[in-house]
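Given next are the chains, with one letter for each unit.
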Amino acid sequence: MKVYTGGGDKGKTSLFSGERVAKYSLRIDSYGDLDELNSVIGAIHSHLPENTESIKNELLHIQARLFQAGAWLATTPESSAIDFLEELEESVVKDLENKIDELTAELTPLKEFILPGGTPGASWAHIGRTVCRRCERKVTQLVEEEKGSKIDSALQVILVYLNRLSDYLFVVARFANKAEGRPDQVWRQP
Amino acid sequence: MKKGRSNFVVTLEKRRWLSQDTYEVTFNKPEDFFFRSGQHVIFHMGGEERDYTIVSPENDSCLVFLVKEMKGGVVSKQLAGIPIGTELKMTGPGGYLVERPTQKQRVLVATGTGIAPFCSMIASGMNAAFLLYGVRNQESLHYNSLFEGTALHYIKCLSVEACMKNSSTCYDGHVTGFIKDILPVGQYEFYLCGKWDMIKDVTHVIDTRFPDANIYSEGFY
C-alpha cells in the first residue's frame, strides 16, 4: 500500500477542519512536533528494558492521547470539525502527576544536575523530553493566538499535559538508567 | 477523537449486481447502530478486514454498500459469493467525510465506487451545488436516478467512452479537467472520494484555482 498521496507537493496541506494551509503555518508546525514526539515515545518504548512494563503501558496510553491532542491542533476554532473531537480530560494531567510521583519515590533524590544520557532507553527518554519541551513552546504560541476562542480550553489542557509529560519523560529517563543498574552521570564543571 | 465504534453482527439480506464487476449488498441495520452519511464500517471476513462506505441514507432501515470485485481481492470476492442469510461481524461507524455546515457551495467529486458516501449524503438531504462523477464509461455510472432528480448539477465525467453529443451533463475527460477548465468561479467546499491518485491531482487543481476552498477527502487504493 502506498503511504504517500502527493496532495502536499505544492507546499500546502489540509487541516483536520478542511482548510488548506501552508506547511510552515503554526498549526502544522505544532502538530508536526507532536508527531515527532509521538515517534520518539515509540523509540523510548522499544528501548526500555523488560522490567519496566508499567512504564511501557503508560507510554502507549500517552501515544494515544497525543493523537487525540494532534486533532485539536489541526482544527480551527470556528470549524464544525470540533464536533468530532473529544477534549483531553483534566484528570489525565493528574494521572501523569501521580505517575511522576510514583517513579520519583523509587529514585535517589536529585541534588545536582545530571547529563542527559545513559542506557539507550534513558537516552531516548531525554530526547523525548526535549522534543516535548519544543512542542510545548509551539503550542504555547498557538494557545496565545487562540485565547478566547472555542478551542481555548481544549488547548490549555493539552499545554499543561505537555508540560507534565516532559517531566514524566525526565523521570522515565532516570528510571531507565536505574532499571539497568546505571547511575546517572552528574554534571561537573569542565 | 470521539469514541464511536462498536461491534455488530449483521445479516446479508440481498445482493444486486450493477455491472460485470460491481455489486450492491444489503444488510439489516442493527437497532443500536447510528451513523452519519459518508461514514464507513469495517467488515471482518476470514481473518481480513475491509472498509466499506454506507450508500443508504441515515434513516433507512437497512445498510447498503457498493462493492467492486477486485482482481485478487479477498473480501470483495467473498462478499460476492456468500449466501443470503450469512452473518458477518461489522465494526463502526467511522470516518470524517461527513456533511460540515457551510455558507459556501459544496462540490462533491467521486471516481468509481467513491460515489458511495455521496449517495448517502444526497439521499439524506444534504445540499450540494455540483456532483462530479468520474468513471470510464456509461456502464460504470451507478445511482443516476438518485442524482438526476435533484437541484444538483450532476456532471458525468467519462474518461474513455465519449459523451452523447450536446449533452450538458456529460464531460469528456477526467474530473480534474472539469474542475480546471469548466467549474465556474465560486466559493466552494470540496468533498473528494476515490483513489488517492485522483485526490492528489484534484487537490493540486483546487489549490491553484480555488486557494481559499476547504477540502475534505477520503481515499483508497
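Here the structure is shown first, and the text comes after it.
Presented here is an overview of the structure given in this document.

Rules used throughout
- Residues numbered from 1 in each chain as written.
- Chains lettered and ligands numbered in written order.
- Predicted model: local features only at pLDDT ≥ 70, side-chain atom pairs only at ≥ 80, totals over all residues.
- Heavy atoms only, no water.
- Salt bridge = Lys/Arg side-chain N within 4 Å of Asp/Glu carboxyl O.
- Helix = DSSP H or I, 4+ residues; strand = E, 2+ residues; numbered from the N terminus.
- Buried < 20%, exposed > 50% of the residue type's maximum accessible area, 1.4 Å probe, protein only.
- Pairing = 2+ DSSP bridges.
- Phe/Tyr/Trp six-rings, centres within 6.5 Å; stacked < 30°, edge-to-face > 60°.
- Lys NZ or Arg CZ within 6 Å of the ring centre and 35° of its normal.
- Disulfide = S-S within 2.5 Å.
- Axes fitted to C-alpha atoms, helices over the stretch in contact; angles between N-to-C directions.
- Contact = heavy atoms within 4.5 Å.
- Polar contact = N/O pair within 3.5 Å; in protein donor to acceptor, adjacent residues only side chain to side chain.
- Core = buried A, V, L, I, M, F, W, Y, C linked by side-chain atoms within 4.5 Å.

**Topic: the pattern of salt bridges**
Residues and elements named next belong to chain A. Per the counting criterion, the structure on display carries 22 salt bridges over all chains. Here Glu-78 and Lys-150 are joined by a salt bridge, their closest N and O atoms 3.4 Å apart. Here the residue Glu-78 occupies a position in the loop between helix H2 (53-73) and helix H3 (91-105), and Lys-150 occupies one in the loop between helix H4 (120-145) and helix H5 (152-179), the gap between them amounting to 72 residues. Overall, Glu-78 belongs to the exposed group, its relative accessible area being 62%. Residue Lys-150 is classed as exposed on the basis of its relative accessible area of 57%. Residue Arg-164 is joined to Glu-97 by a salt bridge in which the shortest nitrogen-to-oxygen separation is 2.7 Å. Note that Arg-164 is positioned in helix H5 and Glu-97 in helix H3, a separation of 67 residues in sequence. Note on Arg-164: relative accessible area 23%, which makes it partly exposed. One connected set of salt bridges, linked through shared partners, spans Asp-29, Asp-33, Glu-36, Arg-134 and Lys-138.

**Considerations on the pairing of strand E1 (residues 6-17) of chain B**
Residue and element names in this part refer to chain B. With six bridges joining them, E1 and strand E6 (residues 87-94) adopt antiparallel strand pairing. Note on E6: the bridge partner recorded for Val-10 is Leu-88. Note that E1 and strand E2 (residues 22-28) share five bridges and pair antiparallel. The residue bridging Leu-12 from the neighbouring strand is Phe-27, located in E2. Where E1 folds back on E2, the antiparallel hairpin that results is connected by four residues.

**Considering the packing of aromatic side chains**
Evaluated as defined, the whole model comprises 18 aromatic pairs over all chains. Site record: aromatic cluster; members linked through ring pairs are Phe27(B), Phe43(B), Tyr52(B) and Phe65(B). The residue whose ring lies beneath Arg100(B) is Phe16(A), and the NZ or CZ to ring-centre distance is 5.8 Å.

**Focus on the state of the cysteines**
Following the criterion strictly, the structure yields one disulfide over all chains and no others. Disulfide pairing places Cys163(B) opposite Cys170(B) at an S-S distance of 2.0 Å. One disulfide, between Cys163(B) and Cys170(B), carries an S-S torsion of -70° and so falls in the left-handed class. Here Cys163(B) and Cys170(B) have matching classes, each one buried. No disulfide involves Cys132(A); its nearest neighbouring cysteine sulfur is the one of Cys135(A), lying 6.5 Å away. Cys193(B) supplies the cysteine sulfur nearest to Cys119(B), a cysteine that is in no disulfide, at a spacing of 10 Å.

**Considering the sheet that holds strand E10 (residues 170-172) of chain B**
Neighbouring strands of a sheet are bound in pairs by backbone hydrogen bonds; such pairs are parallel or else antiparallel. Residue and element names in this part refer to chain B. With parallel pairing, six strands are arranged side by side in an open sheet as E10-E9-E8-E7-E11-E12. This sheet does not close on itself; its edge strands, each paired only once, are E10 and strand E12 (214-220). Mean inter-strand twist for the sheet, computed between neighbouring axes without regard to direction, equals 15°. Pairing of strand E7 (residues 105-111) with strand E11 (residues 188-195) involves six bridges; the strand directions are parallel. Residue pairing across strands places Val-107 opposite Phe-190, the latter belonging to E11. Against the sheet, helix H2 (residues 116-123) engages E7, strand E8 (130-135) and E11, with an angle of about 135° to E11. Packed on one face of the sheet, helix H5 (residues 196-209) meets E7, E11 and E12 and runs near 155° to E11.

**Looking at the side chain of Asp152(A)**
Residues and elements named next belong to chain A. Looking at the secondary structure, you find Asp-152 in helix H5. Engagement of the side chain of Asp-152 in a polar contact is seen with the backbone nitrogen of Gly-148, the distance being 3.0 Å. Beyond its immediate sequence surroundings of up to four residues, Asp-152 is in contact with Glu-146 and Lys-147.

**Focus: the nonpolar core**
Among the nonpolar cores identified, the biggest contains 56 residues, and Leu37(A), Leu162(A), Leu165(A) and Tyr168(A) are the most heavily contacted of them. At the level of elements, helix H1 (26-47), H2, H3, H4 and H5 of chain A are the ones that each hand at least two residues to this core. The contacts of Leu37(A), once residues within four sequence positions are left out, are Leu66(A), Gly128(A), Val131(A), Cys132(A), Leu162(A), Leu165(A) and Leu169(A). Val64(B), Ala116(B), Leu131(B) and Tyr133(B) belong to the second-largest nonpolar core, a separate cluster that totals 29 residues.

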